[in-house]
Amino acid sequence: MKILLTGGLGYIGSHTAVEVINAGHETIIIDNLSNSKIEVLEKIEKITKKRPKFYQEDVCDINALTKVFKENPDIFAVIHFAGFKAVGESCKEPLKYYKNNLISTLNLLEVMEKFNCKNFIFSSSATVYAVSEIMPLEEDFPLGASNPYGRTKLFNEEILEDYQNAHPDFNIVLLRYFNPIGAHESGLLGEDPNGIPNNLMPYICKVATGELDHLNIFGKDYNTKDGTGVRDYIHIVDLAKGHIKALEKMLEENVGLKIYNLGTGTGYSVLDIVNTFNKVNGNLVKYEFVARRPGDIAMCYASPSKAEKELGFKTTKTLEDMCRSSYLYQKNNKK
Ligand SMILES: NC(=O)c1ccc[n+]([C@@H]2O[C@H](COP(=O)([O-])OP(=O)(O)OC[C@H]3O[C@@H](n4cnc5c(N)ncnc54)[C@H](O)[C@@H]3O)[C@@H](O)[C@H]2O)c1
């Protein structure tokens, strides 16, 4: 089958491209390189021995998108990764986020309808859930995002639900990712943020290579086992394989609209991550405790049961795997 990946040279898209190719599908990628590099295409080819068809185009450009579908009229499914994802930036530049993250989806639906392509997998996020005292988060828990980025995900989910209601033969899988970390075992693909990273693992990796001095841990008095924040970290390769499970389901049946969490169901604290990283990679990461960060919650982890029951999705990688592969990639790609 022909599968179109928007944002397929980014962190999650590139790992998923490898899995899509390994599953025997023909892969087409559209990416405008706003947050990725063309070299990633060579790396996907190096790992899989197959080069995806690539279009350097903006998904918000409907003419460009139409051209891609004209040249590839038999696309079976679209996996839509393209979008901006930095929460802090979305608070400073909300319009940039609403434009890119919403217009891209609207354009895709319009062009897919024109070319009779009826399968859509969307990169949603755990940020769509309202703050909850109850964990793990299940797919039918109340929703309510707290920042513009999260709202773009929530609005996208609502747009897709409305569209599916109006087109019952259109199939949509909303995948709510928890916290993807780690890298491909080859050390060729990984997360490569520009500047000082916002997320824990890329930050830890830069401390380990000496690019940053130490890690600040925000808060040590949360109501968790060791006082630091707890999140559901999922290995990027496990996450990528979740998309293959969703595709397989779409190949078997008309799914209508389905929503799945992609997480492990296990919450790890910041100290769990730092200690495991130091255990598997050598004692490289120093840390200090600083005040809590406004807006951060104590705990957030997924119920993975629905994805396991309905998609047969089960994660296999350990926290050690996540820490080892992240550092391998960082060492290989030190700037
Ligand atoms: N990484 C996470 O922690 C996380 C968690 C939940 C959801 N998500 C979502 O998953 C998706 C992929 O995330 P990622 O971590 O791989 O991000 P990423 O920034 O690494 O990848 C996104 C890719 O999309 C491209 N892109 C952005 N806008 C585009 C446009 N208009 N046209 C064409 N290409 C465009 C970028 O160049 C980049 O290669 C995003 O939608 C993100 O919001 C990510």
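Within every chain, residues take consecutive numbers counted from 1 along the sequence as written. For this predicted model, a pLDDT threshold of at least 70 governs which residues receive local features, and a threshold of 80 or more governs which side-chain atom pairs are given and counted, while totals over whole chains, interfaces and linings are taken from all residues. Computation of side-chain values covers all heavy atoms of the structure but excludes hydrogens and water.

## As for the packing of helix α1 (residues 11–22) against helix α8 (residues 236–252)
Threshold: To define axes, lines are fitted to C-alpha atoms, for helices over the stretch in contact only, and angles between the resulting N-to-C directions are given on a 0 to 180 degree scale. Counting from the N terminus, the helices are the DSSP runs of H or I reaching at least four residues and the strands are the DSSP runs of E reaching at least two. An angle below 35 degrees is read as roughly parallel, one above 145 as roughly antiparallel, one from 65 to 115 as roughly perpendicular, and any other as oblique. A crossing counts as left-handed when the near helix is turned anticlockwise from the far one by less than a right angle, and as right-handed when that turn is clockwise. Throughout, a residue-residue contact means that at least one pair of heavy atoms, one from each residue, lies within 4.5 Å. Each residue receives one of three labels: charged for Asp, Glu, Lys and Arg, nonpolar for Ala, Val, Leu, Ile, Met, Phe, Trp, Tyr, Cys and Pro, and polar for the others, Gly being one of them.
Interhelical geometry of α1 versus α8 gives an angle of 60 degrees and a closest axis separation of 8 Å. When the axis of α1 is compared with that of α8, the two are oblique. For α1 against α8, the interelement crossing comes out right-handed. In contact with Tyr11, Ile12, His15, Thr16, Glu19 and Val20 of α1, α8 contributes Ile236, Val237, Leu239, Ala240, Lys241, His243, Ile244 and Leu247. Grouping the constituent residues of the contact of α1 with α8 by class yields nine nonpolar, three polar and two charged.

## Some remarks on helix α7 (residues 200–208)
The condition is simple: Per-residue accessibility, obtained with a 1.4 Å probe over protein chains only, is compared with the maximum for each type, and a residue is labelled buried under 20%, exposed over 50%, and partly exposed between these values.
In terms of burial, α7 is largely enclosed, as nine of its nine residues are buried. Here α7 has its buried residues at Leu200, Met201, Pro202, Tyr203, Ile204, Cys205, Lys206, Val207 and Ala208. On its buried face, α7 is in contact with β7 (179–181), β8 (215–218), β10 (233–235), α9 (270–281) and α11 (319–332). Note on α7: the residue one or two positions beyond its end, Gly210, has a positive phi of about 90 degrees.

## Digging into the sheet that holds strand β6 (residues 171–177)
To keep things clear, this is the line we draw: Should DSSP find at least two bridges between two strands, the strands are taken to pair.
Across the sheet, which stays open at both edges, the seven strands sit in the order β3-β2-β1-β4-β5-β6-β11 with parallel pairing between neighbours. In this open sheet, the two edge strands, each paired with only one partner strand, are β3 (53–55) and β11 (257–262). Going across the sheet, the axis of each strand differs from the next one's by a mean of 20 degrees, ignoring polarity. In this structure, strand β2 (residues 26–30) lies alongside β3, joined through three bridges in parallel fashion. Counterpart to Ile29 in the pairing with β3 is Phe54. Contacting β1 (2–6), β4 (75–80) and β5 (119–125), helix α5 (residues 94–114) crosses the sheet at an angle of about 170 degrees to β5.

## Some thoughts on the sheet that holds strand β14 (residues 299–300)
Sheets are built from strands paired through backbone hydrogen bonds, the pairs being either parallel or antiparallel. In space, the three strands of this open sheet follow the order β12-β9-β14, with mixed pairing throughout. The two strands at the open ends of the sheet, each matched to only one other strand, are β12 (268–269) and β14. With two bridges joining them, strand β9 (residues 230–231) and β14 adopt parallel strand pairing. Among the inter-strand pairings, Arg231 is bridged to a residue of β14, identified as Cys300.

## Regarding the domain arrangement of the protein
Put simply, the rule reads: Here the bounds of each domain stem from an automatic or database domain assignment. One speaks of a salt bridge when a side-chain nitrogen belonging to Lys or Arg is within 4 Å of a carboxyl oxygen belonging to Asp or Glu.
Domain annotation for the protein reports domain 1 (2–181 + 233–262) and domain 2 (200–231 + 265–332). Our enumeration of links across domain 1 and domain 2 arrives at zero salt bridges. Looking at the side of domain 1 that touches domain 2, the elements that each hand over two or more residues are β7, β10, α8 and β11. Broken down by element, the side of domain 1 that touches domain 2 gets its largest block of residues, seven residues, from α8. Its residues placed into classes, the side of domain 1 that touches domain 2 shows 13 nonpolar, four polar and seven charged.

## Quick look at the site of the ligand
What counts, and what does not: Whether a residue is near a molecule or strand depends on its heavy atoms: it is near if one of them lies within 4 Å of it. Two N or O atoms count as a polar contact when they lie within 3.5 Å, although within protein this holds only if one can serve as hydrogen donor and the other as acceptor, and sequence-adjacent residues are included solely when both atoms are side-chain atoms.
Close to the ligand lie 27 residues; Asp31, Asn35, Lys85, Asn100 and Tyr149 are nearest. Within the contact set of the ligand, a nitrogen atom lies 2.8 Å away from a side-chain nitrogen or oxygen of Asp58. Within the contact set of the ligand, an oxygen atom lies 2.7 Å away from a side-chain nitrogen or oxygen of Lys85. Mapped by element, the contributors of at least two residues to the shell around the ligand are α1, β5 and α6 (148–166). Per element, the largest residue contribution to the shell around the ligand is three residues, and it comes from β5. A breakdown of the residues in the shell around the ligand according to their chemical character gives 11 nonpolar, 11 polar and five charged.

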